[in-house]
Structures are given as structure tokens and as C-alpha cells.
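Understanding the architecture of this molecule
Read off the chains here:
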Amino acid sequence: MDTLQVGDSVLVHAYKHNGSVYRSWESAVVLLLEEEYIVLVNEDVTVTELNGRKWKTNEPAIWIFNRKNWSNIICMFKETGINYYCNIASPFIMDQKTIKYIDYDLDIKVFADGSYKILDLKEFNRNRIAWKYTRDIINVIWTEIDNLKYLIKNKKFVFEHERALELWKQYLKLKPKIKK
């Protein structure tokens with residue numbers, strides 16, 4: 001990872017617990033390289049689903065991958081305000097210029113007003129049985145849900161809209177220097 005720099009373009013691959021690629025993003029720009037996390041930006045990025053279906057992201061977003069926590073957070077800049085999408089997922093690994101993680105089904109959608117909803121509980125329950133998630137993994141997943149709920153309710157980290165806006169402004173300053 002020593003060769004990765006701010007402004008570089010990376011791929012993102014999400015896997016399921018059984019090892020299959022679930023979804024991939026064709027490119028994202030590295031905005032920050034911190035000890036605990038990496039911050040990416042996607043803007044008009046092509047996403048490919050497991051079934052081959054392709055679509056483009058609708059709005060610009062900041063995407064935060066943590067090296068230790070079992071989640072990654074997408075801050076979506078919508079006309080109605082900043083919304084967040086929290087993927088419950090393994091800590092990422094970097095392989096060449098590809099960020100890889102295992103998606104553990106559950107998600108938290110956070111609305112601009114701070115309210116939130118936990119999504120995909122049926123998918124989580126189906127997959128934890130089919131792919132035999134260990135008790136340790138299940139415990140870590142629910143602990144991460146609790147951690148995120150705390151951060152959301154208390155507007156900590158990026159869930160404070162001003163922090164997300166600061167990151168976006170930082171990207172806008174960097175954007176003219178990015179090689180396409």
C-alpha cells in the first residue's frame with residue numbers, strides 16, 4: 001500500500017462470505033490516507049452487480065473504509081441533504097489498487113435528519129445460516145451495529161454533517177489535479 005497516493009484511482013470489490021464477488025465499482029479517487037481509515041470519492045461511477053447488471057451512481061459520495069471496524073460508510077450528497085449508507089462489512093484489505101471487503105448483508109441507512117433504518121435483516125439471517133457465519137462473526141456484526149447507532153445518534157465522526165462537507169470541500173480542491 002506504500003504506492004497508493006491521494007488522487008489515485010482505485011477499484012472496489014465487495015465479496016460475500018462464500019468468496020463470490022458481489023459488487024464492484026470501476027473507480028474511486030483516494031482523498032485521504034489515514035492510519036485508521038481511507039477516504040474515497042465516487043462521482044458518476046459504474047457499478048457492476050453479481051448478475052452482470054451495470055448502473056451508475058446517482059450522486060457524488062464520500063466513502064470511508066476503516067482498517068479495524070466492521071463497516072464502511074458512504075456519505076451521499078443529495079439535493080435533500082447528506083444521507084449515509086453504512087455497510088456492515090469486514091475491515092478492508094488492499095490488493096494492488098483494489099480495496100476488497102466482505103459484505104455481511106446488514107446495512108444502516110441514515111437520513112439527513114439523523115433518523116435511521118436497519119436494512120436487509122432477512123438477507124443476513126438467510127446468509128448466516130447458508131454460509132455458517134461463526135458466533136464470533138455474528139457478535140462482531142451486532143457490536144458494529146451498536147457502535148454505528150451510537151455514532152449516528154451522537155453525530156460523531158462523519159455523521160456530523162460539517163465533517164462530511166469538509167471532506168467534500170477537500171475533494172473539490174483536489175479534483176482539478178486528478179489525472180483521468
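Our structure's up above, just so we're on the same page.
Read on for an overview of the structure. Positions within a chain are numbered from 1, following the residues in the order the chain's sequence is written. Predicted model: local features are reported for residues with pLDDT of at least 70 only, side-chain atom pairs are reported and counted for 80 or more only, and whole-chain, interface and lining totals are derived from all residues. Only hydrogens and water are set aside when side-chain values are computed; all heavy atoms of the structure are taken into account.

Quick notes on the overall build of the protein
Condition: Per the convention used, a helix needs a DSSP run of H or I reaching at least four residues, while a strand needs a run of E reaching at least two, with both numbered from the N terminus. A radius of gyration in this sense is built from C-alpha atoms; the matching globule rule multiplies 2.2 Å by the number of residues raised to 0.38.
Of the regular secondary structure elements, the protein holds 3 helices and 11 strands. Reading the protein from its N terminus to its C terminus gives the helix and strand order β-β-β-β-β-β-β-β-β-β-β-α-α-α. The C-alpha atoms of the protein give a radius of gyration of 16 Å, which matches the 16 Å a tight globule of 180 residues would have. The C-alpha extent of the protein, read off along each of the three principal axes, is 50 × 35 × 30 Å.

Some thoughts on the side chain of Thr 46
Our working rule: It only takes one pair of heavy atoms within 4.5 Å for two residues to be counted as in contact.
Position of Thr 46 relative to the elements: it lies in strand β4 (residues 46-49). In contact with Thr 46, other than residues within four places in its own chain, are Ser 24, Trp 25, Glu 26, Lys 54, Trp 55 and Lys 56.

Description of the pattern of salt bridges
To keep it simple, the criterion reads: Whenever a carboxyl oxygen of Asp or Glu lies within 4 Å of a side-chain nitrogen of Lys or Arg, that contact is scored as a salt bridge.
The tally for this structure, following the rule as stated, stands at 10 salt bridges. Arg 53 serves as the salt-bridge partner of Glu 49, at 3.9 Å between the closest nitrogen and oxygen. Among the charged side chains, a network of salt bridges with common partners joins Lys 16, Asp 103, Asp 105 and Glu 123.

A closer look at the packing of helix α1 (residues 121-130) against helix α2 (residues 135-153)
Quick note on the threshold: Only the contacting stretch of a helix is used when fitting its axis, a line to C-alpha atoms as for every element, and angles between N-to-C directions run 0 to 180 degrees. Roughly parallel covers angles under 35 degrees, roughly antiparallel covers those over 145, roughly perpendicular covers 65 to 115, and oblique covers all other angles. Note: crossing handedness is left-handed where the near helix turns anticlockwise from the far helix by less than a right angle, and right-handed where it turns clockwise. Residues are grouped as follows: nonpolar covers Ala, Val, Leu, Ile, Met, Phe, Trp, Tyr, Cys and Pro; charged covers Asp, Glu, Lys and Arg; every other residue, Gly included, is treated as polar.
Interaxial distance between α1 and α2 falls to 12 Å at its minimum, and their mutual angle equals 165 degrees. Between α1 and α2, the interaxial angle falls into the category roughly antiparallel. Read as a crossing pair, α1 and α2 show a hand that is right-handed. Only Ile 138, Ile 141 and Trp 142 of α2 make contact with α1, whose side of the interface consists of Leu 121, Phe 124 and Arg 128. Classifying every residue of the contact of α1 with α2 gives 5 nonpolar, no polar and 1 charged.

Concerning the nonpolar core
To be explicit about the condition: Throughout this description, the term nonpolar core refers to a set of buried Ala, Val, Leu, Ile, Met, Phe, Trp, Tyr and Cys residues connected via side-chain atoms within 4.5 Å. Note on classification: 1.4 Å probe, protein chains only; a residue is buried when its accessible area is under 20% of the maximum for its type, exposed when over 50%, partly exposed between these limits.
Leu 31, Ile 62, Cys 75 and Tyr 84 are the most contacted members of the largest nonpolar core, which totals 35 residues. Those elements giving two or more residues to this core turn out to be β2 (21-33), β3 (37-42), β6 (61-66), β7 (71-78), β8 (81-89), β10 (98-110), α2 and α3 (161-174). The element contributing the most residues to this core is α2, with 6 residues. Not counting residues within four places of it along the chain, the set of residues in contact with Ile 62 comprises Leu 31, Val 39, Leu 40, Val 41, Ile 73, Ile 74, Cys 75, Phe 77, Leu 167 and Trp 168. Val 10, Trp 25, Trp 63 and Ala 89 belong to the second-largest nonpolar core, a separate cluster that totals 22 residues.

Quick look at α3
Heads up, the rule is: To estimate how far a helix should extend, the number of its residues minus one is multiplied by 1.5 Å.
Look at α3: 20 Å from first C-alpha to last across 14 residues, which is about the 20 Å you get at 1.5 Å a residue. Where α3 is buried, its residues meet β2, β3, β6, β7 and β8.

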